[in-house]
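# Analysis of the macromolecular model
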Amino acid sequence: GSFDFPIFTVEDSQYFTLYQRPDGSGRHVLALRGMVGVAGDDTPLFERFFAGGFRTLRGFEFRGVGPEQLGFKTGGTFQVLGSVEYQIPILANDNVYAVVFSDFGTVEDDIEIKDMRVSVGGGLRLIVPMFGPVPIALDWAYPVVKKDTDDTQIFSFWVGFFR
């Protein structure tokens, strides 16, 4: 069978180098990210918007943020997410970075911004040369603004491209 439903998302990332060594290494980078998504009311549960985890809202469990009914997360038809992150190298070979960040946003049933969540944290980015350019991200985040029904997670681990 087939099932048609509309989903529209827009995502943008901007990176600003605030400092670098004369040889071009040792970059201090400010990253700004934002995403907006809208889905139709008849969107199935597995295609709805959820937030939580890397690249959405760190400090919350994967799919731990969103509308719920009868104690079950049902996802939303509208989301707006943002992130501000500052990254600095720790080692001269640019294989270990420290980051500080703030993530913010919401997932709602309707096109409105009602229940914003905010988290702040820090982490490490490890580039292991034998893995190629794929970094390992270790993040610690604390939800500053949350709902009682949100599922939180202080530590998260992720492997993959972060730019």
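The shown structure was predicted, so the numbers you read here are calculated from the model rather than taken from an experiment.

Structurally, Trp-140 is set in strand S8 (residues 135-145). Classification of Trp-140 by relative accessible area gives partly exposed; the value is 41%. Along the backbone, Trp-140 and Gln-87 are 53 residues apart, and their C-alpha atoms lie at a distance of 14 Å. With near-sequence residues (within four places) excluded, Trp-140 lies in contact with Phe-101, Val-120, Gly-121, Gly-122, Gly-123, Ile-154 and Phe-155.

One can find Arg-125 in strand S7 (residues 117-127). Judged by relative accessible area, Arg-125 falls into the buried class, the value being 0%. In this structure the side chain of Arg-125 is engaged in a polar contact, spanning 2.8 Å, whose partner is the side chain of Asp-139.

Take the pairing of S8 next. Where S7 meets S8, 10 bridges bridge the pair, whose relative direction is antiparallel. Within S8, the residue paired with Gly-122 across the bridge is Trp-140. Bridge analysis of S8 against strand S9 (residues 155-159) gives 5 bridges, and the strand direction is antiparallel. What sits directly across from Ile-136, in S9, is Val-159.

Analysis parameters
- Residues numbered from 1 in each chain as written.
- Predicted model: local features only at pLDDT ≥ 70, side-chain atom pairs only at ≥ 80, totals over all residues.
- Heavy atoms only, no water.
- Helix = DSSP H or I, 4+ residues; strand = E, 2+ residues; numbered from the N terminus.
- Buried < 20%, exposed > 50% of the residue type's maximum accessible area, 1.4 Å probe, protein only.
- Contact = heavy atoms within 4.5 Å.
- Polar contact = N/O pair within 3.5 Å; in protein donor to acceptor, adjacent residues only side chain to side chain.
- Pairing = 2+ DSSP bridges.

In short, geometric facts, not functional conclusions.
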